[in-house]
Amino acid sequence: MTQSNGMRATLQRRMLLLGMVPRQPRRVSAPELVERLQARGLDTTLRTIERDLESLSAFLPLGRDERDRPYGWYWLSDAPLQDMPALDPETALTLQILDSHASRLLPPSARERLVPQVARAREVLDATGQSSGLSLWPERVRILPSGPPLDPPAIPEGVFATVQQGLLERRCLDITYRSRSKERVRDHRIHPLALVFREPVTYLLATIEPHQDVLHLAAHRIEAAALTELPARDPDGGFDLDQLIQEGAFDYPAGETIRIELRVSAALAYHLHEARLSDDQTIEPEGDGERSRVTATVRDTAHLKWWLLGLGAGVEVLGPVHLREAITKELNDAVGQYRGTRS
């Protein structure tokens, strides 16, 4: 091998090596690095990798845990992020948006891992200048709730991180749970299955021993949580989060599918042209065009009733009869309450 080829091979090996060393508090041993490099097709030895690490740590912020052999190597927690290749502004924007809007969807270990990347992303975007569209983007994009902004219920300190860890590591949890009525607090051993964020509430889907039915546990009602060493199991019939949602698991109460018929204002008809109630929705103008008749197949849920009530005089429920009667009763009760004549 010529000298230039040897230098190229050393550089390639060391660049790969640096990318395999984790950030503190995680660590990796030289034998583990040898295995990973050999799996990438590099023919190397333990002694070579040990020399590489010693040499690189002389001028890079690499640390070595010498409490046990083989020693564990890591990037120092405050080491500046090494971009190879450099972080481009588009990727930096993606990381910053992720941090702003979706960080709670990640387990704690993943969020901690992203801290230096997010900090570096902010530096890259700042460097593009105030006039840059990418730099301005985070300040010019917002996600707004459909209703009034509600503050999420406070989750007891340490509970949510423990719940996330249990779900990530597929381990059972021992929890203390307060029922919705606040009249009963009980201890349970649960098998965590999924997290669902339905603003403003976060739900943990889980089974409670010894039962198999999937329950929705409001995270803010978990007063304490502790990890166990027992592996978590899915229900005997399996678990499919998307199927549960599609079947109406988060519609309270879960209702049957119905064919709804509405008479709506011109403004609402225009809105429903753009945001459909269902794939089979139809809209037909009535009379002078001020009102339209809408039909669609939907699930009969409390959320459907809340939506209809929120539209006020913009909608009249024509069918089915039981839904029309339920909405009529709610509106009559509301009128009675405002007039002080509610029974």
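Preceding this section is the structure that the text describes.
Note that this is a predicted model, so its numbers are computed, not measured.

About the criteria used
- Residues numbered from 1 in each chain as written.
- Predicted model: local features only at pLDDT ≥ 70, side-chain atom pairs only at ≥ 80, totals over all residues.
- Heavy atoms only, no water.
- Core = buried A, V, L, I, M, F, W, Y, C linked by side-chain atoms within 4.5 Å.
- Buried < 20%, exposed > 50% of the residue type's maximum accessible area, 1.4 Å probe, protein only.
- Helix = DSSP H or I, 4+ residues; strand = E, 2+ residues; numbered from the N terminus.
- Contact = heavy atoms within 4.5 Å.
- 1 Å grid on protein atoms, 1.4 Å probe; cavity = no way out; pocket = protein on both sides within 12 Å on 5 of 7 lines; lining within 4 Å.
- Points joined across faces, edges and corners; volume = space filled by probe spheres on them.
- Expected span 1.5 Å × (residues − 1).
- Bend = angle between axes of the 7 residues up to and from the residue.

**So, the nonpolar core**
Part 1 of the reasoning: Val163, Ile175, Ile190, Leu204, Leu217 and Ile222 are the most contacted members of the largest nonpolar core, which totals 21 residues.
Part 2 of the reasoning: When residues of this core are traced back to their parent elements, those giving at least two are helix H7 (159-169), strand E4 (171-178), strand E5 (185-198), strand E6 (201-208) and strand E7 (215-218).
Part 3 of the reasoning: Once you skip the residues sitting within four places of it in the chain, Ile190 turns out to touch Cys172, Leu173, Ile175, Leu204, Ala206, Thr207, Ile208 and Leu217.

**Things to note about unusual backbone geometry**
Part 1 of the reasoning: Residues Gln24 and Pro25 are joined by a peptide bond in cis, for which omega reads 20 degrees.
Part 2 of the reasoning: For Pro25, the position within the fold is in the loop between helix H1 (3-20) and strand E1 (28-29).
Part 3 of the reasoning: A cis amide bond links Glu209 with the next residue in sequence, Pro210, at an omega value of 5 degrees.
Part 4 of the reasoning: Structurally, the position occupied by Pro210 is in the loop between E6 and E7.
Part 5 of the reasoning: One non-glycine residue, Arg170, lies in the positive phi region at around 55 degrees.
Part 6 of the reasoning: Looking at where Arg170 falls in the secondary structure, it is placed in the loop between H7 and E4.

**A closer look at the layout of surface pockets**
Part 1 of the reasoning: Taken as a whole, the largest pocket holds about 1,300 Å³ of empty space.
Part 2 of the reasoning: In terms of lining residues, the largest pocket is bounded by 27 residues, among which Leu150, Arg198, Glu199, Pro200 and Val201 are the most central.
Part 3 of the reasoning: Of all elements in the fold, only helix H4 (89-101), E6 and helix H10 (302-310) reach the threshold of two or more residues within the lining of the largest pocket.
Part 4 of the reasoning: Sort the elements by how many residues they give to the lining of the largest pocket and H10 lands first, with three residues.

**So, the environment of Tyr270**
Part 1 of the reasoning: On the secondary structure map, Tyr270 appears in helix H9 (residues 266-274).
Part 2 of the reasoning: Separated by 13 residues in the primary sequence, Tyr270 and Ile283 place their C-alpha atoms 9.5 Å from one another.

**A word on the environment of Leu168**
Part 1 of the reasoning: With respect to the helices and strands, the residue Leu168 is situated in helix H7.
Part 2 of the reasoning: The sequence separation of Leu168 and Ala194 amounts to 26 residues, and the corresponding C-alpha distance is 9.5 Å.
Part 3 of the reasoning: Setting aside residues no more than four positions away along its own chain, Leu168 makes contact with Pro107 and Ser109.

**Observations concerning helix H5 (residues 108-127)**
Part 1 of the reasoning: The end-to-end C-alpha distance of H5 is 29 Å, a good match for the 28 Å that 20 residues give at a rise of 1.5 Å each.
Part 2 of the reasoning: Maximal helix bending in H5 amounts to about 40 degrees, located at Val115; proline Pro116 follows within four positions.
Part 3 of the reasoning: Those residues of H5 that sit buried are Pro108, Pro116, Val118, Ala121, Val124 and Leu125.
Part 4 of the reasoning: Considering only its buried residues, H5 is in contact with H4, helix H6 (133-140) and H7.
Part 5 of the reasoning: Two residues or fewer past H5, Gly129 is found with a positive phi of approximately 95 degrees.

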